[in-house]
Amino acid sequence: MRFPLTNSFIVGVYAKLEPVYDLLFGAALQAGRVAAVRRMGHRAGTRVLEVGIGTGINASLYPRDFQVVGIDLSSQMLAKAKQRVQREGLRQVQLHNMDAAHLSFADDTFDVVYAPYTISVVPDPVRVAREMRRVCRPGGIILILNHFRSSNPMVASVERAISGLTAFVGFRSDLELSGLLSRAQLTPSSIDMVNVPPIWSLVTCTKNSLRHENSSHVNSGAAVAAEDQRHTTENTETNSKTD
Ligand SMILES: C[S@@+](CC[C@H](N)C(=O)[O-])C[C@H]1O[C@@H](n2cnc3c(N)ncnc32)[C@H](O)[C@@H]1O
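Since the model is a prediction, treat every value here as computed from it, not as a measurement.

Caption draft 1: Broad picture of the environment of T46. Residue position: T46 is located in the loop between α3 (30-39) and β1 (47-51). With 21 residues separating them in the primary sequence, T46 and Q67 have C-alpha atoms 6.0 Å apart. Other than its neighbours up to four places away in sequence, T46 contacts M40, F66, D111 and V112.

Caption draft 2: Up close: the site of the ligand. Taken together, 23 residues surround the ligand, and among them G52, G54, S74, A100 and P116 come closest. Elements supplying a minimum of two residues to the shell around the ligand: α1 (7-17) and β2 (67-72). The dominant element in the shell around the ligand, judged by the number of residues it contributes, is α1, at three residues. Residue classes in the shell around the ligand are distributed as 14 nonpolar, six polar and three charged.

Caption draft 3: Highlighting unusual backbone geometry. Across the junction of V196 and P197, the peptide omega takes the value -5°, indicating a cis bond. Locating P197 in the fold gives a position in the loop between β6 (188-194) and β7 (200-206). We note that D108 has phi near 65°; this positive angle belongs to a residue other than glycine. Mapped onto the fold, D108 is located in the loop between β3 (93-97) and β4 (110-116). Classification of D108 as partly exposed rests on a count of 16 C-beta atoms within 10 Å. With a phi angle near 55°, Y117 is a residue other than glycine that sits in the positive phi range. As for its position among the elements, Y117 is in the loop between β4 and α5 (125-135).

Caption draft 4: Just the nonpolar core, in detail. Counting 54 residues, the largest nonpolar core has V51, V113, Y114, M132, I142 and L143 as its most contacted members. In terms of residue count, strand β5 (residues 136-146) provides more of this core than any other element does, six residues in total. Residues in contact with I142, not counting those within four places in the same chain, are V113, M132, R133, C136, L186, C205 and K207.

Caption draft 5: Structural detail: the sheet that holds β4. With mixed pairing, the seven strands of this open sheet are ordered in space as β3-β2-β1-β4-β5-β7-β6. Edge strands, defined here as strands with exactly one partner in the open sheet, are β3 and β6. Taken pair by pair, the neighbouring strands of this sheet meet at an average axis angle of 15°, ignoring direction. Pairing between β5 and β7: six bridges, direction antiparallel. Bridge pairing in β7 links N146 to S201. The sheet strands contacting α3 are β4, β5, β6 and β7, and the helix crosses β7 at an angle near 15°. In the packing of helix α4 (residues 75-87) onto the sheet, contacts are made with β2 and β3, and the angle to β3 comes to roughly 165°.

Analysis parameters
Residues numbered from 1 in each chain as written. Predicted model: local features only at pLDDT ≥ 70, side-chain atom pairs only at ≥ 80, totals over all residues. Helix = DSSP H or I, 4+ residues; strand = E, 2+ residues; numbered from the N terminus. Contact = placed C-beta atoms within 7 Å. Near = placed C-beta within 6 Å. Nonpolar A, V, L, I, M, F, W, Y, C, P; charged D, E, K, R; others polar. Buried ≥ 20, exposed ≤ 12 C-beta atoms within 10 Å, placed from the backbone. Core = buried A, V, L, I, M, F, W, Y, C linked by C-beta atoms within 7 Å. Pairing = 2+ DSSP bridges. Axes fitted to C-alpha atoms, helices over the stretch in contact; angles between N-to-C directions.

Printed below as a string of structure tokens:
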């Protein structure tokens, strides 16, 4: 059987999860969400993109003077978010049905681009991380809150073994952090372990200045193309292994 993380599969999983999502993943993962919003600092007018806003469980954590855009692939999760935003009068939060792999925002739009518990849910995490970087302004913050494959070989082998199963509850358990960051040309300024047990990472990256981005793009164009080719090959291999 092929690894089943496709957009349509994910939409189906979250249609089933929506009624129980907050119960299952609310309080248990809340400490990480609180830490991430704290990491954003507080400057009036900060433009935030939340990638995979789900039921809007983060929405009330943002300061009222932020401008927050939340996107999600699942219209059912978004409907729940909409109810929450209306019920709690969170006028600073706008919601859009959108694929994180194809963001319809211009380059450099947001001060903060934040993916809470989403990057291991999408079929192509590298593409999504690159999109996050693209829409973040130079000097802005990219925050990824997620579980990643353990550096302990025994734990990692269990995470690899169960990843085909965890896909059925909407995420993969064996996503490797350093490869993801290097392929997306992101350099972490900090990685903090959060939640209890502390097996989730809050990864903070700052988008380089425009000049540096442009020059690194020019200098490493061939390297990025080669990396893309390797990524495609690895994805194909991962899929074949789970056939
Ligand atoms: C585990 S939930 C995280 C929800 C919320 N951010 C939280 O803190 O609990 C992952 C969310 O990502 C959404 N998602 C999955 N693939 C996506 C994609 N390609 N583009 C946008 N959202 C996606 C799912 O529909 C789901 O609502």
